[in-house]
Amino acid sequence: MSASGGAKAIVAALAANLAIAVAKFVAFLFSGSSSMLAEAVHSLADSGNQFLLLLGGKKAQREATPQHPFGYGRERYIYAFLVSIVLFSVGGMFAVYEGYEKIRHPHDLEHWYWPVGVLVFAIIAEGFSFRTAIKESNALRGKLSWGQFIKRAKAPELPVVLLEDFGALIGLVLALFGVGLTLATGDAVWDGIGTLCIGILLIAIAIVLALETKSLLLGEAAGAEEVAKIEQAVVDGETVTGLIHMRTLHLGPEELLVAAKVAVQHDDTAAEVARAINEAEARIRAAVPIARVIYLEPDIYSDAEAAKGADPEATPGGPTPGAAH
């Protein structure tokens, strides 16, 4: 659901940005507005970003290999991180530089109706793209606020498109503000100030995207709702009598790894334990369909051992065995 919704929002944004980029470049050639040039590069960068997201989604569908036994689901995170880099460097830094140069060396606007007309057209087109992203996101967002949705979403495409479209709309308003004040005052410095503000906005959005996708790349656990469902599903009260400890990890937006140590009766036979483990895996998959890789280790329950949790010496990110503490 998140993959298809994300793809629809990406295609809508790509179509809008390509049309807008062409229109902005034409307006820049006729008017000489630095805000128009910055916005044209911004739209061109956004188009490239949406292409990167589509490419990441395609590459993530590859089958697992012996070298990559857990598949390529994280390709989507990698390409989303690349988007933040492109937005920062190509969009943000270019706009800051162009704004700074325009403030130092103002250039009068020519044929002002070109940038104004294109900006109005771009606002309408970006609004359509933003509306599509909001509609697709609402199907997944539930009761989360927009900030919580962007922070907690495991599929990166919709948060990326949402932030890009939001930034594009604010940038267009800033560009219109700069062009309007330039026309009203006759001072082209305002065009440069608008361009500089666009660059700062893009850099801020790029940093937010980078931080969120970095967290996904490092590996995030399942959400609290999924964890609760797994904990409830794993115990049957008969053979599997309790959950000693558990860890989850997203291998991709729609693929979850579950590793847990479960408590079994001390007098159960190996066949009974094996059957209970298989049944527990089936219950987990039924409760959380994206839990595709499951490793359950049976153990005899002990209050003292359960209190210890996972062995820190054998835990990723824990102390290195044999190292001085």
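Computed from a predicted structure; not experimentally measured.

Observations concerning the sheet that holds strand β2 (residues 255–264)
Part 1: In spatial order, the strands read β1-β2-β3; together these three strands make up an open sheet with mixed pairing. Whereas interior strands pair on both sides, the edge strands pair on one side only; in this sheet they are β1 (240–252) and β3 (291–300). Across this sheet, the average inter-strand angle for adjacent strands is 15 degrees, counted without regard to direction.
Part 2: Examined bridge by bridge, β2 and β3 share nine bridges and lie parallel to one another. Residue Val262 lies in a different strand from β3, and its bridge partner there is Pro298.
Part 3: Sitting on the sheet, helix α8 (residues 224–234) is in contact with β1, β2 and β3, with an inclination near 140 degrees to β1.
Part 4: Docked against the sheet, helix α9 (residues 270–287) engages β1, β2 and β3, running at close to 145 degrees with respect to β3.

What to know about the pattern of salt bridges
A side chain of one charge can pair with a side chain of the opposite charge when the charged atoms of the two come close.
Part 1: Under the counting rule described, the total for this entry stands at 10 salt bridges.
Part 2: The partner of Glu157 in a salt bridge is Arg76, and the shortest N-O contact between them spans 2.7 Å. Within this pair, whereas Glu157 is found in helix α6 (residues 157–185), its partner Arg76 is found in helix α3 (residues 75–104), the two being separated by 81 residues in sequence. For the pair Glu157 and Arg76, a shared accessibility class is recorded, and that class is buried.
Part 3: Here Glu297 makes a salt bridge to Lys261, at a shortest N to O gap of 3.8 Å. You can see Glu297 sitting in strand β3 and its partner Lys261 sitting in strand β2, a full 36 residues away along the chain.
Part 4: Put simply, Arg76, Glu157 and Glu254 are held in one network by salt bridges that share partners.

A word on helix α4 (residues 113–141)
Part 1: Its 29 residues place the ends of α4 40 Å apart at the C-alpha level, agreeing with the 42 Å of an ideal helix rising 1.5 Å per residue.
Part 2: Phi turns positive one or two residues past the end of α4, at Gly142, with a value near 65 degrees.

Concerning the environment of Val11
Part 1: Relative to the helices and strands, Val11 is located in helix α1 (residues 2–31).
Part 2: In sequence terms Val11 and Leu54 are 43 residues apart; their C-alpha atoms lie 8.4 Å from each other.

Thoughts on the packing of α8 against α9
Part 1: The contact between α8 and α9 brings their axes to 8 Å, and the two run at 150 degrees. Considering the angle they form, α8 stands roughly antiparallel to α9. In terms of crossing hand, the pair formed by α8 and α9 is right-handed. Each of Lys229, Ile230, Ala233 and Val234 in α8 lies in contact with α9, whose residues at this interface are Ala280, Arg283, Ile284 and Ala287.

A word on the nonpolar core
Part 1: Within the largest apolar cluster, 41 residues are counted, with the highest numbers of intra-cluster contacts made by Leu53, Val161 and Leu209.
Part 2: Looking at this core, the elements with two or more residues in it are α1, α2 (34–59), α3, α4, α5 (146–152), α6 and α7 (189–218).
Part 3: Here this core gets nine residues from one element, more than from any other, and that element is α6.
Part 4: Leaving out residues up to four positions away in the same chain, Leu53 has contacts with Ile10, Ala80, Val83, Glu157, Val160 and Val161.
Part 5: One finds Ala222, Val240, Ala280 and Ala291 within the second-largest nonpolar core, a separate group that totals 21 residues.

Thoughts on the layout of surface pockets
Rolled over the atoms, a probe with the dimensions of a water molecule shows which regions are left empty.
Part 1: Put simply, the largest pocket is a space of about 860 Å³.
Part 2: For the lining of the largest pocket, the secondary-structure elements that each account for two or more residues are α4, α5, α6 and α8.
Part 3: Ranked by residue count, the leading element in the lining of the largest pocket is α8, at four residues.
Part 4: Counted by class, the lining of the largest pocket contains 15 nonpolar, four polar and seven charged residues.

Things to note about the confidence of the model for the chain
Part 1: On average, residues of the chain score 84 in pLDDT, and 90% of them are at 70 or above.
Part 2: Note on residues 1–5: pLDDT is under 50 here. Beyond four places in sequence and across chains, it has nine contacts.

Side note on empty space enclosed by the protein
Part 1: All told, the structure shown has one cavity of 30 Å³ or more when counted by the stated rule.
Part 2: By volume, the largest cavity is sized at about 80 Å³.
Part 3: Lining the largest cavity are Ile150, Lys151, Ala153, Ala155, Pro156, Pro159, Val160, Leu209, Glu212, Thr213, Leu216 and Glu220.
Part 4: Looking at the lining of the largest cavity, the elements with two or more residues in it are α5, α6 and α7.
Part 5: Considering each element in turn, the lining of the largest cavity owes the most residues, four residues, to α7.
Part 6: Of the residues belonging to the lining of the largest cavity, the class tally is eight nonpolar, one polar and three charged.

What counts, and at which threshold
- Residues numbered from 1 in each chain as written.
- Predicted model: local features only at pLDDT ≥ 70, side-chain atom pairs only at ≥ 80, totals over all residues.
- Heavy atoms only, no water.
- Pairing = 2+ DSSP bridges.
- Helix = DSSP H or I, 4+ residues; strand = E, 2+ residues; numbered from the N terminus.
- Axes fitted to C-alpha atoms, helices over the stretch in contact; angles between N-to-C directions.
- Contact = heavy atoms within 4.5 Å.
- Salt bridge = Lys/Arg side-chain N within 4 Å of Asp/Glu carboxyl O.
- Buried < 20%, exposed > 50% of the residue type's maximum accessible area, 1.4 Å probe, protein only.
- Expected span 1.5 Å × (residues − 1).
- Parallel < 35°, antiparallel > 145°, perpendicular 65-115°, else oblique.
- Left-handed = near helix turned anticlockwise from the far one by under 90°.
- Core = buried A, V, L, I, M, F, W, Y, C linked by side-chain atoms within 4.5 Å.
- 1 Å grid on protein atoms, 1.4 Å probe; cavity = no way out; pocket = protein on both sides within 12 Å on 5 of 7 lines; lining within 4 Å.
- Points joined across faces, edges and corners; volume = space filled by probe spheres on them.
- Nonpolar A, V, L, I, M, F, W, Y, C, P; charged D, E, K, R; others polar.
- pLDDT = per-residue confidence, 0-100.

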